[in-house]
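What the coordinates show
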Amino acid sequence: MPTAPVLVKTFVPAIISLMMVAALSACSGSDDNSSAQGNQNPDIGTDSPSVPVEPTTDSDPGNDPGSAPNNPSLPSANLLPPLPATPLSPAPGPDDEPTDVNRPVTAINRFFLVEDPPRRIEPVSAFALNDDDFNAGTPEPVISAPNGFDTTTNAAPYFDGISNREVFAGQTLEVLFRPLDDDGGLPGMFPNSLPEGASFSDNFNGTKTFRWMPLQGDVGITTITITAVDSEEPFYRSAQTILIRVNEPEDLSTIPNFPPVVNNVRNHTVRVGDPVVFELKGSDRNSTYPTVEVPNPPPGATVVPHYIFDEVTVLRFTPDEPGVVEFDVVARDADDPSLTGSSTVSTTVEAAAEFVLPGKRLRALAGERDFHLGFAALQGFYHQADGALYSDLAGLEFNLVSTENSMKWGYINPEPGTFRWADADNVIAFAKHYNQVVHGHPMIWHRQLPLWLYETPTNTLQGHMREFIDRLAQRYGDDVAIWDVVNEPIADEGGFRPSLWFNAMGEDYIDIAFRQARESDPDGILLLNEYDIAWDTPKTATLFPLLESLQQKGTPLDGVGFQLHIDAKFDLFDEVEANFQRAADMGLDIYVTELDVAITDADTTEADQANVYERILDICLRQPRCKALQLWGFTDQYSWRRGQSPLVFDAAYKPKPAYFALQRRLGED
Ligand code: XIL
């Protein structure tokens, strides 16, 4: 197995370090410099061959005459106050520790997997409503208007005769929405969101009707919000929420029973000899779980219940010859066994030799030039039927792996005191097995957060943020070389994104997050990661001043992650090159963190896509500060933009022209 080249932090120019010291001494009021902090190059890399990060000298000092000596020390005044001794949210404990898998439930047999403790986690909505809320009446409408719009000369539209409503599960509720405007004119309207199975239809007389038959699972209080739109100014709006109380009928048989469906299972390509594992499940609108049966399993298959979830059936087999393997899945209603839904699952089996490619592997070519080529690992890829092929190809082609979803806060820590580490642990185990560097993504982001954070008092959010950064770093710091510390802080129209974090701390949250990350993982390479900043956009215009101000504050920022979710028509390569140079000139390293190139229409081809991949790689390879290029996935089978086939292997794991373009360019000087 080839080794992955060493990734090291490179440091900001001396002038900036000096400014940092000055700025920090100016603002330091604390003499608490005694707590452990991490500027002494503690033990990294030595006991962890897959992440061979070592402190070394700047890899290209000649390129940056202003570089400071490679001394990671920040002034001690830079310390944040210690984290509270009593944690703000319960710390992970032994009950959260994953355990070894010893069941035939995954498609991996190459490395050791762990699983989270068997438990069901259903985070309660932070915004759950109760009878008091219902009895308090219909909320006031929320009025919004364009900036500078004079609301005194134009009355907002409103709804006539609106009230909270009640209905029994199994009955149909109808609510008429009649928007009025005292200035005359007929306001428009639209629903902000609708519950499952509801409709909102036009009566063609200026009114619309909301119609919904809630079922068992809807019992409780829910809301709908309909927005009325001023007839003259389309952004002058009034959003009206009503509460709906769904009651359980005494006679449950009055609720219609709908047949279940089998949850979608996509078709897969696997190799002869691979362990193939399907987790099969059905759903039912009535909120019961159907049982799942496989009447015609493939020869030699085992069919067993899932080790935690009764409603999941696990089917496992090892194909021994090429061909197509098909089986049917039947979901049977929990209350009425005569009600069923079914679907057919098809798996293409090919000889292992079909996946042997010409030329050198991408990771070998990258390694020869001391470059990092990475991919984002699908969360729980080992629970996919084609997990064996997925992991072997990913191990063969890449020397760097990022975590697509498995380190996100909402997943790791869904409720205070509950931690799900197994998926991230397994990515680390995968990386160790294949000797890959790990990129931890993301520490602080405005999305995929746990619901409980939204009901956490604002003045404690800074503490929670620091605590979470510390927990990630404590657990993974030895194995993760690079961190996306702050992800997507910039709004699409420029300026700071109004997120939970920004709202709580203003722009300071960025600096604080980085300082905490440095304190908790002194040797991590710390990135600010963002999309639509590689070419000139309103976001780019915010990015560079932000980077400058962070450097002036002494924020321990090592580089910028340029996400690069683009499409095959992309042609702003000159701007990308210039913006990379701009970051490099600031002494920052560049990481292409999330490259994928969507095919968005019939006019663009895989050849166009290949060209875009090659041009981006070329820019990165010609830029000494561009340290790595990571794809956001590697097979179209599991891309978050699957419909637009944006990756370098197709859904059947066959290389696309983009693969060969990367291979060719990596092989050139
Ligand atoms: C995406 C994942 O790929 C999806 O599976 C998930 O549903 C949403 O998030 N920028 C980021 C990534 O920083 O975390 C996002 O990943 C893609 C955009």
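The structure we're discussing is the one just above.
Describing helix H4 (residues 387–397)
Taking burial as the measure, the 11 residues of H4 include 10 buried ones, the bulk of the element. Inspection of H4 places Gly387, Ala388, Leu389, Tyr390, Ser391, Asp392, Leu393, Ala394, Gly395 and Glu397 among the buried residues, and these make up the whole buried set. On the buried face of H4, the contacting elements are strand E14 (268–271), helix H3 (362–368), strand E22 (372–377), helix H6 (422–433) and helix H14 (657–667).

Description of the site of the ligand
Around the ligand there are 13 residues in total, and Glu404, Asn405, Lys408, His441 and Asn487 lie nearest to it. In this structure, a nitrogen atom belonging to the ligand sits 3.0 Å away from a side-chain N or O atom of Glu488. Note that an oxygen atom of the ligand is positioned 2.9 Å from one of the side-chain N or O atoms of Trp632. Burial of the ligand by the surrounding chains reaches 83%, relative to a free accessible area of 410 Å². Along the lines of polarity and charge, the residues of the shell around the ligand split into 3 nonpolar, 6 polar and 4 charged.

Some words on the state of the cysteines
If you walk through the whole model with that rule in mind, you get 1 disulfide. In this model, Cys620 is linked to Cys626 through a disulfide, with the two sulfur atoms separated by 2.0 Å. Its torsion about the S-S bond being -90°, the disulfide of Cys620 and Cys626 is classed as left-handed. Grouping residues by exposure puts Cys620 and Cys626 together as buried.

Here we look at the sheet that holds strand E18 (residues 302–305)
Two orientations exist for strands paired in a sheet by backbone hydrogen bonds: parallel and antiparallel. Across the sheet, which stays open at both edges, the 3 strands sit in the order E15-E19-E18 with antiparallel pairing between neighbours. Looking along the sheet, the strands with just one partner apiece sit at the ends: strand E15 (276–280) and E18. Within this sheet the neighbouring strands show an average axis-to-axis angle of 20°, counted without direction. Inspection of the sheet shows E18 paired to strand E19 (residues 313–317) by 4 bridges, in the antiparallel sense. The partner of Val304 across the bridge, within E19, is Val314.

Some points on the environment of Pro90
As for its placement among the helices and strands, Pro90 is situated in the loop between helix H1 (14–27) and strand E1 (99–100). Judged by its relative accessible area of 44%, Pro90 falls in the partly exposed class. Separated by 325 residues in the primary sequence, Pro90 and Glu415 place their C-alpha atoms 9.7 Å from one another.

Some details on the sheet that holds strand E20 (residues 323–332)
One open sheet holds the 4 strands; their spatial order is E14-E21-E20-E17, and the pairing between them is mixed. At either end of the open sheet lies a strand with only one pairing partner, and these are E14 and strand E17 (291–293). Going across the sheet, the axis of each strand differs from the next one's by a mean of 30°, ignoring polarity. Across 3 bridges, E17 lies against E20 in antiparallel orientation.

Comments concerning the packing of helix H12 (residues 573–585) against helix H13 (residues 606–622)
Between H12 and H13, the shortest axis-to-axis distance is 10 Å and the interhelical angle comes to 25°. Relative to H13, the element H12 lies roughly parallel. The two elements H12 and H13 meet at a crossing, and its hand is right-handed. Residue-level inspection shows Phe573, Val576, Glu577 and Phe580 of H12 in contact with H13, the latter providing Val612, Arg615, Ile616, Ile619 and Arg622. Residue classes in the contact of H12 with H13 are distributed as 6 nonpolar, no polar and 3 charged.

The rules we used
- Residues numbered from 1 in each chain as written.
- Predicted model: local features only at pLDDT ≥ 70, side-chain atom pairs only at ≥ 80, totals over all residues.
- Heavy atoms only, no water.
- Buried < 20%, exposed > 50% of the residue type's maximum accessible area, 1.4 Å probe, protein only.
- Helix = DSSP H or I, 4+ residues; strand = E, 2+ residues; numbered from the N terminus.
- Contact = heavy atoms within 4.5 Å.
- Near = heavy atom within 4 Å.
- Polar contact = N/O pair within 3.5 Å; in protein donor to acceptor, adjacent residues only side chain to side chain.
- Areas by Shrake-Rupley, 256 points an atom, 1.4 Å probe, with all protein chains shown as cover.
- Nonpolar A, V, L, I, M, F, W, Y, C, P; charged D, E, K, R; others polar.
- Disulfide = S-S within 2.5 Å.
- Pairing = 2+ DSSP bridges.
- Axes fitted to C-alpha atoms, helices over the stretch in contact; angles between N-to-C directions.
- Parallel < 35°, antiparallel > 145°, perpendicular 65-115°, else oblique.
- Left-handed = near helix turned anticlockwise from the far one by under 90°.

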